[in-house]
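One letter stands for each residue in the lines below.
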Amino acid sequence: MKVLEQISASVINGDAAGTVQLTRQALDAGLSADEILNEGLIAGLSEVGRRMESKTFFIPEVLVAARAMKAAEDVLKPVLVSNCVKPTGRVVLATVEGDVHDIGKNLVKLMLECAGFEVTDLGVNVPAASIIRAVSETRPNIIGLSALLTTTVVRMKEVIEDLKRNDLRSQVKIIVGGAAVTRDYAEQIGADAYSPDCTDAAKRAKELVQTN
Ligand code: B1M
């Protein structure tokens with residue numbers, strides 16, 4: 001088995017120590033942090049998602065897999081941030097109300113910081129009112145919203161409507177993403193950008209600031 005497949009298998013098995021060790025081994029072998037993240041760690045969690053869907057995995061298995069992924073992320077972080085640039089803008093980032101998934105959001109935060117953004121991370125399960133408050137207080141260039149559940153994706157629309165009601169919409173750009181979000185939905189709710197992954201999110205954020 002190749003090391004990336006071993007990393008995926010290790011995430012699926014929820015073996016945090018093994019995942020960390022294999023991640024180090026892959027870095028030492030010259031694989032890029034991006035490859036390890038996407039083709040090893042995220043690939044593993046995607047399989048966990050499929051097993052969850054087919055009801056062969058349940059919450060305890062998913063939690064240990066997520067923990068293994070997070071442990072390996074700490075090994076990758078210093079490598080991912082080694083080429084970071086100076087601050088260029090501010091972002092308020094949140095996983096929307098009702099949703100506690102934060103692995104993807106945290107990767108988006110990392111990539112945004114790497115691209116030079118100062119990120120105010122409001123965490124998970126964040127009500128629209130808290131986002132509006134953070135926007136009024138920190139005056140960000142961008143709001144980043146993440147949602148992984150089909151039941152919580154609708155919260156993004158509420159945030160945009162609340163921004164309009166509070167006369168704040170024209171002052172910020174909005175990027176949305178997460179497994180439950182589509183480009184069509186982003187357009188439909190009037191977001192400024194949709195992003196399928198964390199690297200792309202940082203690219204979109206830079207473009208949005210430049211066109212501001
Ligand atoms: Co949950 N879960 N989960 N879960 N979980 C999913 C999302 C699911 C697809 C699994 C499945 O059934 N196949 C399913 C949703 C189904 C649906 O709505 N259509 C699901 C479900 C049902 C649930 C519960 C309801 C289960 C239950 O309780 N019965 C429950 C909900 C809790 C809640 O939020 N209220 C639940 C709970 C959990 C755990 C807590 C156990 C755990 C989360 C741990 C944590 O995040 N700290 C968990 C996990 C781990 C998953 C899966 C397996 C993996 C998610 C993940 O971290 N992926 C997931 C299956 C899947 O997605 N395939 C699943 C890796 C991560 C890097 O990807 O977050 O998509 P992702 O981020 C990507 C992109 O989407 C993008 O960048 C990242 C990669 O570069 N991105 C953005 C993300 N945010 C972005 C924002 C942007 C731009 C890009 O701009 C701002």
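Residues numbered from 1 in each chain as written. Predicted model: local features only at pLDDT ≥ 70, side-chain atom pairs only at ≥ 80, totals over all residues. Heavy atoms only, no water.

Trainee: I'm lost on the pairing of strand E1 (residues 89-95) in this one. Help?
Mentor: Two faces make up the sheet, and in a regular strand the side chains alternate between them. A large share of E1 lies buried, amounting to six of its seven residues. In this sheet, strand E2 (residues 117-121) lies alongside E1 in parallel orientation, the contact comprising five bridges. Its bridge partner lying in E2, Arg90 is registered against Glu118. Where the polypeptide runs from E1 across helix H5 (residues 103-114) and back to E2, its parallel neighbour, the crossover connection is right-handed. Where E1 and strand E3 (residues 142-146) come together, five bridges link them in parallel fashion. Residue Val92 lies in a different strand from E3, and its bridge partner there is Ile143. (Buried < 20%, exposed > 50% of the residue type's maximum accessible area, 1.4 Å probe, protein only. Helix = DSSP H or I, 4+ residues; strand = E, 2+ residues; numbered from the N terminus. Pairing = 2+ DSSP bridges. Right-handed = clockwise from strand over helix to strand, strands pointing away.)

Trainee: Got a minute to help me understand the sheet that holds strand E4 (residues 173-177) in this structure?
Mentor: By definition, the strands of a sheet pair up through backbone hydrogen bonds, in either a parallel or an antiparallel sense. Spatially, E2-E1-E3-E4-E5 is the arrangement adopted by the five strands of the open sheet, whose pairing is parallel. Whereas interior strands pair on both sides, the edge strands pair on one side only; in this sheet they are E2 and strand E5 (193-195). Adjacent strand axes in the sheet meet at a mean angle of 25°, parallel and antiparallel pairs treated alike. Its contacts with the sheet place helix H6 (residues 128-138) against E1, E2 and E3, and it is angled at close to 170° to E1. (Axes fitted to C-alpha atoms, helices over the stretch in contact; angles between N-to-C directions. Contact = heavy atoms within 4.5 Å.)

Trainee: Is there a simple way to think about the domain arrangement of the chain in this case?
Mentor: Interface size is commonly expressed as the accessible surface area that is lost when the partners come together. Here the chain is described as being made up of domain 1 (3-82) and domain 2 (89-211). The C-alpha-based centres of domain 1 and domain 2 are spaced at 25 Å. Contacts between the two partners involve eleven residues from domain 1 and, on the opposite side, eight residues from domain 2. Buried area between domain 1 and domain 2, both sides added, is near 790 Å², and the carbon and sulfur share of it is 79%. Sorting the residues of domain 1 by area buried against domain 2 places Lys70, Glu73 and Leu80 first, and these three jointly supply 45% of that buried surface. On inspection of domain 1 and its partner domain 2, the count reaches one salt bridge. Across the contact surface, domain 1 and domain 2 share one residue pair in polar contact (both at pLDDT 80 or more). Going through the elements one at a time, helix H3 (33-53) and helix H4 (59-80) are the ones with two or more residues in the side of domain 1 that touches domain 2. (Domains from an automatic or database assignment. Buried area = accessible area lost by both parts, 1.4 Å probe. Salt bridge = Lys/Arg side-chain N within 4 Å of Asp/Glu carboxyl O. Polar contact = N/O pair within 3.5 Å; in protein donor to acceptor, adjacent residues only side chain to side chain.)

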